[in-house]
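Commentary on secondary and tertiary structure
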Amino acid sequence: MIVEQAAALAPADEDEARAIVAEARLGDETLDIVGGGSRAGFGRPPEGRRRLSSARLDGIVFHEPAEMTLRARAGAPLSAIAVALDAHNQMLPFEPIDHRALLGGGEPTVGGLVATNASGPRRVSAGAARDSLIGLRLVNGLGEAIMSGGRVTKNVAGLDLVKLNCGALGTLGFLTEATFKLLPKPESEATIVIRRLDDPRAIAAMTAALGSPYGVSGAAALTPGMGREFSRTFLRVEGFAASVDHRAEALLKLLAEFGPERVLCGEDSQRLWRGVRDVEFLAEPRVRAVWRVGVRASRAVEFLARLGPHALAHLFDCGGGLVWLATAPTPADAAAVRAALAPLGGHATIVRAPQDLRAAVDVFQRQPAALTALTRRIKAAFDPDGVFNRGRMYAGI
Amino acid sequence: MSQIAFPSPDPTILARRDEIVAGLAAILPPDGLIADVAGRRAFETDALTAYRRLPLAVALPCSIDEVARIMRFCRDGGVNIVARGAGTSLSGGAIPQEDAIVLGLSKMNRILEINLADRYARVEAGVTNLAISEAVAADGFFYAPDPSSQLACTIGGNVGMNSGGAHCLKYGVTVNNLLGVRLVTLDGDVLDLGGPAPDAGGLDWLGVVCGSEGQLGIVVEATVKLIRAAEGARPTLFGFDSCADASRCVAAIVGAGIVPVAMEYMDKAAIAICENFAKAGYPLDVEAMLIVEVEGSEAEIAAELARIGAIAKAHGVRVTRESMSAMESAQIWKGRKSAFGATGRVADYICMDGTVPTGRLPEALERVGEICAAYGLRVANVFHAGDGNMHPLILYDVNDPDQQQKAEEAGMEVLKMSVALGGSLTGEHGVGIEKRDLMTCQYSDADLAQQKRVRAAFDPQAQLNPAKVFPLERRPA
């Protein structure tokens, strides 16, 4: 029986989901996919008439610690997955951002993680969510159950629809199940802290560290006013304890010219990286728009200079390859971000903004016409009648 | 009689051959077009040498503009296109057809940009895999995916097949090391997908293009991640008296939370073949051997090897040999990487590429042995154990049609077994023509139809690398 939860259609299994979608399609209905709601404010505003919820698609399907793989249903809360992985000292490799600091409440789920390709600071060494997502099942807009990938890490049989759906904001299908490869939790971690570097020096320090042989797994820089009145640059190494000690020492030597001051360990280090991961430092004031800008680290400073006073606050992750940015929530500011980035190459995405702004301006980097046409054809290949998440990524698609 | 079917060539295309060659000649300089039979013969097969078809013509463009014009010309004329890098595909991914042209990228082989600060290289599609690492080796960097054919294979082909290699256990396969591609579509549009800045947002075009076997467009440039090499790296050999012990040891190492850079498995037959060729000092009196490579400082290497050694001991390892020098390490890897070539010196073989969950490896190895024995064929196993990517080399005599048929049938059974154990038909070699008709074992009709609709979004008439990857559709009589 299909249960209606808070006005959302909530199938309990794939067959029920197929039936709902098939009916919606015939009835010319449009559906907005919802999970735990923690990332609902990301993307363009929903336009669908009804909501399709993954809430009842709960639970871990399997966790094979010896194979380092986990399969869970789309509605499974990430907190439950963390508990299961903790018991075996394992983790999702990509350190997914918890959007609640920026966007407010809700409960992060597998479905939302996949839909947004939610990743974190460890992407410099372990890649993004899409790099660890090895299989999925979804219901497409024709009401068909589709499987892609599987449970093995190496799999090149056929077209990879797994990555195509990761970060597609549910515009191509209703995810029912996802399979991830895992990593062992590091036995130890250490974070080198360098204080009082200006932006160019912070980027230089991070570039030196990431270009070193010491396996840096986090490189971020906070600007003055973010927790301290001075700027702080952070470099993390993880692994077996003796190895972490060795590499932290080696990095301190390598970075001597930047004046590294202290090393954070254990919970202190973890708390710091959670803050970076979740971009807590840009959460307030809540009226500001928050952007995620992918740019070559060597151009990050130039980007900010071009943006000038439109940049109200910023921090760097991924060695400067990701600039997290706060601006005023206006179309003029959005245009300024796009204009500043255009000559440098890169991608700017609005992660937080009032609904009317997300409706009025591009949330994602605008694509050239040929790619927009291709995006439409891909959408049609999965969802020809536009049942799912209409307009969530691009207006009219 | 070989088993893999080819569609019958379109007679209307064959009849227009002169006109098509003339059209290409108007786009390409004289040395960029091969139309004579002797010249075309060099492009009639790839590393799946049991099959060959003479292409209509071979185009070897030097520029993106030439590629775009060829694409539009072929789209308008309904001519099929088979992309080709170095022709090292083991699955027949670059084997042409009589009514198709080969579009070879070998002349587009420039390294365009190396940026060590941002850790990427931008190269043309015809650059070889190894050339990228060589170009940055002096600075201590490398490009991680390392297929055995890395001396010859091109980055364009690597993107097409999402190639792997021994060191992918730690660093990932091509798609995890690819930052951007420049793709020329059938319409002649030049699309820049991804790029050196991380996290493009929008649809993951790179993810779907990588591994698409030349069916979505022509990759003319790739931007790849450069990684700074660790302080040091060292392989160690572990010899076991039983294959089951060796494969259980692999699962135990993975299960203990250790991720070596590489973890390779060779059985007795493979050891003998490779040792005879490479003189790498492999132990000849063991049933199976693991090559485990770890990296880091001297102390880190020693500590990690101690952990791995203890696990190996618990699994009855009899011979342990740590490489003592860079030269010895090179020999150890030379032996492993020349496995396919060395096997080719003793027999013809077909190389399977199925992947199984690592926990099922012992069972899978046993089944491979049983299947080949049932067909009266010899098999050598050499593969990437850490990720369950098996490479049984089924030995046969190519001049004996009966044996070839048996070898192919045994191979098909091995692949079906991989899928049945929860794995995949192919971990890194691609589907090509070889595994095309087995795709229905792994995917439902709806799954395959969905993949085809995505393909059609790029190439509605299926003109790019046709009759590959997807089961051959029977044409109406």
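Residues numbered from 1 in each chain as written. Chains lettered and ligands numbered in written order. Predicted model: local features only at pLDDT ≥ 70, side-chain atom pairs only at ≥ 80, totals over all residues.

**Regarding the environment of Trp273(A)**
All names here are of chain A. Here is the rule: The helix and strand labels rest on DSSP assignments: H or I over at least four residues marks a helix, E over at least two residues marks a strand, and numbering proceeds from the N terminus. Exposure criterion: with C-beta atoms placed from backbone coordinates, a residue whose C-beta has 20 or more other C-beta atoms within 10 Å is buried, one with 12 or fewer is exposed, and one in between is partly exposed. With C-beta atoms placed from the backbone, a contact is any residue pair whose C-beta atoms sit within 7 Å.
Within the element layout of this structure, Trp 273 appears in helix α10 (residues 266–277). When the 23 C-beta atoms within 10 Å are taken as the criterion, Trp 273 is described as buried. Linking Trp 273 and Phe 234, residues 39 residues apart in sequence, is a C-alpha distance of 9.0 Å. Other than its neighbours up to four places away in sequence, Trp 273 contacts Pro 121, Gly 218 and Arg 236.

**Digging into the domain arrangement of chain B**
Residue and element names in this part refer to chain B. Note the threshold: Annotation comment: domain bounds sourced from an automatic or database domain assignment. Amino acid classes used here: Ala, Val, Leu, Ile, Met, Phe, Trp, Tyr, Cys and Pro are nonpolar; Asp, Glu, Lys and Arg are charged; the rest, including Gly, are polar.
Annotation of chain B at the domain level lists domain 1 (11–104), domain 2 (111–228) and domain 3 (233–339). Once you take the C-alpha centre of each, domain 1 and domain 2 turn out to be 23 Å apart. Looking at which element gives the most residues to the side of domain 1 that touches domain 2, the answer is helix α4 (residues 64–77), with 7 residues. Of the residues that constitute the side of domain 1 that touches domain 2, the class distribution is 7 nonpolar, 4 polar and 3 charged.

**Observations concerning the confidence of the model for chain B**
Formally: pLDDT measures how confident the predictor is about each residue, on a scale from 0 to 100.
Overall, the prediction assigns chain B a mean pLDDT of 94, with 99% of residues at 70 or greater. Under the prediction, the complex receives an ipTM of 0.96, its pTM being 0.96.

**A word on the sheet that holds strand β14 (residues 232–239) of chain A**
Residues and elements named next belong to chain A. Convention followed: The pairing criterion is simple: DSSP has to find at least two bridges between the two strands. Lines fitted to the C-alpha atoms define the axes, with helices restricted to the stretch that makes contact. Angles between their N-to-C directions range from 0 to 180 degrees.
Judged by pairing direction, the sheet is antiparallel, and its 8 strands sit side by side in the order β15-β12-β14-β13-β17-β18-β16-β19 without closing on themselves. The open sheet has two edge strands, β15 (262–265) and β19 (347–352), and neither has a second partner. Within this sheet the neighbouring strands show an average axis-to-axis angle of 20 degrees, counted without direction. Of the strand pairs in this sheet, strand β16 (residues 289–294) and strand β18 (residues 322–327) are connected by 6 bridges, and their pairing is antiparallel. Note on β18: the bridge partner recorded for Val 290 is Ala 326.

**A short note on the interface of chain A and chain B**
The interface of chain A with chain B comprises 67 residues on the first partner and 70 residues on the second. Of all elements in the fold, only α6 (129–132), β9 (145–149), α7 (161–165), α8 (199–210), α9 (241–254), β19 and α14 (369–382) of chain A reach the threshold of two or more residues within the side of chain A that touches chain B. When residues of the side of chain A that touches chain B are assigned to their parent elements, the largest contribution, 7 residues, is made by α14(A).

**With respect to the environment of Leu365(B)**
Residues and elements named next belong to chain B. Tracing the chain through its elements places Leu 365 in helix α14 (residues 361–374). On the basis of neighbour count, Leu 365 is assigned to the buried category, with 24 C-beta atoms found within 10 Å. Along the primary structure Leu 365 and Met 108 are separated by 257 residues, whereas in three dimensions their C-alpha atoms are 41 Å apart. Setting aside residues no more than four positions away along its own chain, Leu 365 makes contact with Cys 243, Ser 247 and Asn 381.

**Concerning the pairing of strand β5 (residues 60–64) of chain A**
All names here are of chain A. Two strands pair when backbone bridges link them, and β5 and strand β6 (residues 69–73) are joined in this way by 4 bridges, in the antiparallel orientation. Each residue of the ladder has a partner; that of His 63, found in β6, is Leu 70. With antiparallel pairing between neighbouring strands as the criterion, β5 and β6 make up a hairpin whose turn holds 4 residues, including Met 68 at a positive phi of roughly 60 degrees.

**Considering the packing of helix α10 (residues 268–278) of chain B against helix α13 (residues 339–346) of chain B**
Residue and element names in this part refer to chain B. Inclusion rule: Reported orientations rely on four angle classes, namely roughly parallel under 35 degrees, roughly antiparallel over 145, roughly perpendicular from 65 to 115, and oblique for the rest.
Taken N-terminus to C-terminus, the directions of α10 and α13 make an angle of 95 degrees; their axes are 9 Å apart at the nearest point. One way to sum up the angle between α10 and α13 is to call them roughly perpendicular. Two secondary-structure elements touch here, α10 through Ala 270, Ile 273, Cys 274, Phe 277 and Ala 278 and α13 through Ala 339, Ala 342, Thr 343, Arg 345 and Val 346. When grouped by side-chain class, the residues that make up the contact of α10 with α13 number 8 nonpolar, 1 polar and 1 charged.

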